[in-house]
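# Structural overview
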Amino acid sequence: MKLPIEFSAEVTNALAADKPIVALESTIITHGMPYPQNLDTARMIENEIRDAGVTPATIAVMDGAIRIGLSDEDLEALAQSENVMKLSRADLSYAVATGRTGATTVAATMICAELAGIKVFATGGIGGVHRGAENSFDISADLEELAKTAVIVVGAGAKAILDLPKTLEILETKGVPVITYCQDQFPAFWSRNSNLKSPLRADTADEIAAAFNMQEVLDVNGGMLVANPVPEESEIPQDEITPVIERAINESVMQGIEAKAVTPFLLQWIFEKTGGRSLECNIALVKNNARLASEIAKSLKFK
Ligand code: PSU
Ligand code: MN
């Protein structure tokens, strides 16, 4: 059976010429940011990657086709749509088989990127172990995917709404390398620091690319998490964001928010309570991640 994948002209050309490509997810557009900032950010990030001499490939499922590289009209339609599915590993095949439209999370984007032959992917932050997971069992499928699928994911750590120590423990158990860029501490999305030591550190894109190549050589399967701290001028320090996160989580528990709705609910609540500052920070860190991902993609191709 032919794969149900459609490539944009830009990505087709880059693949044919063996040029570096960076994949981008679409859940951040549909469930991670409000309109119109989501659309502006999606466009800005693509251009950031193009400015680095790399081809962006935003990934989504549209009318049952896995789309690798979206047109501006597609981006606009996704950014404005209100009941698009949020697709992880569990729902990807169902959505494609039944002709649905859905945004891909980190896990689903990794699967599609690997199918398309793309090795580097930039996002905001991965999903992880939710606080209270010992009761809710809410652990993002992103972690399992990082263990399985050979794609480098560049994020600003894991969202600080999560239980970061448990998230790092699961990543270690599953054998996922966690490499923080240019600092010893694991970053916490909106803040540069988490008070947790990063398992590994790299100071250049070349080191990251070399480590990933070695995974292939040694037949150590799976992906890699590159944690890139938010730029200092855009961060919300830990002592400022922590109380807001705690209130957001209490609110989500009181309102009985569960499963896939938890992450979007918390992000929206924190956005409102920080007067939009969390969103500005989120945009800045995605941009920063797109830049580093571009350097890694170039290093993988040219070194
Ligand atoms: N990072 C962001 N905003 C987001 C997400 C990540 O800055 O909206 C999305 C990603 O798509 C990630 C998903 O894969 O949240 C995790 O959702 P869950 O916790 O339900 O697995
Ligand atoms: Mn979940």
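What counts as what
Residues numbered from 1 in each chain as written. Chains lettered and ligands numbered in written order. Predicted model: local features only at pLDDT ≥ 70, side-chain atom pairs only at ≥ 80, totals over all residues. Heavy atoms only, no water. Helix = DSSP H or I, 4+ residues; strand = E, 2+ residues; numbered from the N terminus. Buried < 20%, exposed > 50% of the residue type's maximum accessible area, 1.4 Å probe, protein only. Core = buried A, V, L, I, M, F, W, Y, C linked by side-chain atoms within 4.5 Å. Domains from an automatic or database assignment. Contact = heavy atoms within 4.5 Å. Phe/Tyr/Trp six-rings, centres within 6.5 Å; stacked < 30°, edge-to-face > 60°. Lys NZ or Arg CZ within 6 Å of the ring centre and 35° of its normal. Disulfide = S-S within 2.5 Å. Buried area = accessible area lost by both parts, 1.4 Å probe. Salt bridge = Lys/Arg side-chain N within 4 Å of Asp/Glu carboxyl O. Axes fitted to C-alpha atoms, helices over the stretch in contact; angles between N-to-C directions. Parallel < 35°, antiparallel > 145°, perpendicular 65-115°, else oblique. Nonpolar A, V, L, I, M, F, W, Y, C, P; charged D, E, K, R; others polar.

Moving on, we come to unusual backbone geometry. Look at the link from Tyr35 to Pro36: it is a cis peptide, with omega at 5 degrees. On the secondary structure map, Pro36 appears in the loop between helix H2 (27–32) and helix H3 (37–51). Its identity as a non-glycine residue notwithstanding, Phe137 has a phi of 60 degrees, on the positive side. Along the chain, Phe137 falls in the loop between helix H7 (133–136) and helix H8 (141–148). On the basis of relative accessibility, which here comes to 68%, the residue Phe137 falls in the exposed class. The phi angle at Asn195 is positive, at roughly 65 degrees, despite the residue not being glycine. One can find Asn195 in the loop between strand E9 (178–181) and strand E10 (200–202). Accessibility expressed as a relative area gives 59% for Asn195, which makes it exposed.

Ile68, Ile126, Ile152, Trp190 and Ile296 are the most contacted members of the largest nonpolar core, which totals 103 residues. Top element by residues in this core is helix H13 (residues 277–302). It accounts for 11 residues. Counting contributing residues per domain, this core is built from domain 1 (1–118) and domain 2 (125–303), each supplying no fewer than three. If we skip the residues at most four places from it in the chain, Ile126 touches Val106, Asp142, Leu143, Leu146, Val153, Gly157, Ala158, Lys159, Leu162, Leu171 and Leu225.

Right, let's get into the packing of aromatic side chains. Any two aromatic rings considered together are summarised by their centre-to-centre distance and by the angle between their planes. As enumerated under the stated definition, the model contains 1 aromatic pair in all. Over the ring of Trp269 we find Lys273; its NZ or CZ atom is 4.7 Å from the centre of that ring.

Within the secondary structure, Thr55 is located in strand E3 (residues 55–62). Apart from residues lying up to four places away in sequence, Thr55 is in contact with Glu10, Val11, Ala14, Pro20, Ile21, Val22 and Ile49.

Attention now goes to the state of the cysteines. Scanning the model with the defined rule gives 0 disulfides in all. Cys182 carries a free sulfur, and the closest cysteine sulfur to it, the one in Cys281, is 18 Å from it. Of the residues examined, Cys182 reaches a relative accessible area of 37% and is grouped as partly exposed.

Glancing now at the domain arrangement of the protein. One can read the domain layout of the protein as domain 1 (1–118) and domain 2 (125–303). Summarising the inter-unit geometry, the C-alpha centres of domain 1 and domain 2 are found 20 Å apart. If you look at the interface, domain 1 gives 30 residues, while domain 2 gives 30 residues. Where domain 1 abuts domain 2, roughly 2500 Å² becomes buried across the two surfaces, and 68% of that area is made up of carbon and sulfur atoms. Seen at the junction of domain 1 and domain 2, the total is 4 salt bridges.

What follows is about the packing of helix H6 (residues 106–116) against H8. Contact pair H6 / H8: the axes reach a minimum separation of 8 Å and the direction vectors enclose 25 degrees. Relative to H8, the element H6 is oriented roughly parallel. Taken together, the residues of H8 that come into contact with H6 (itself represented by Val106, Ala107, Met110 and Ile111) are Ala141, Asp142, Glu145 and Leu146. When grouped by side-chain class, the residues that make up the contact of H6 with H8 number 6 nonpolar, no polar and 2 charged.

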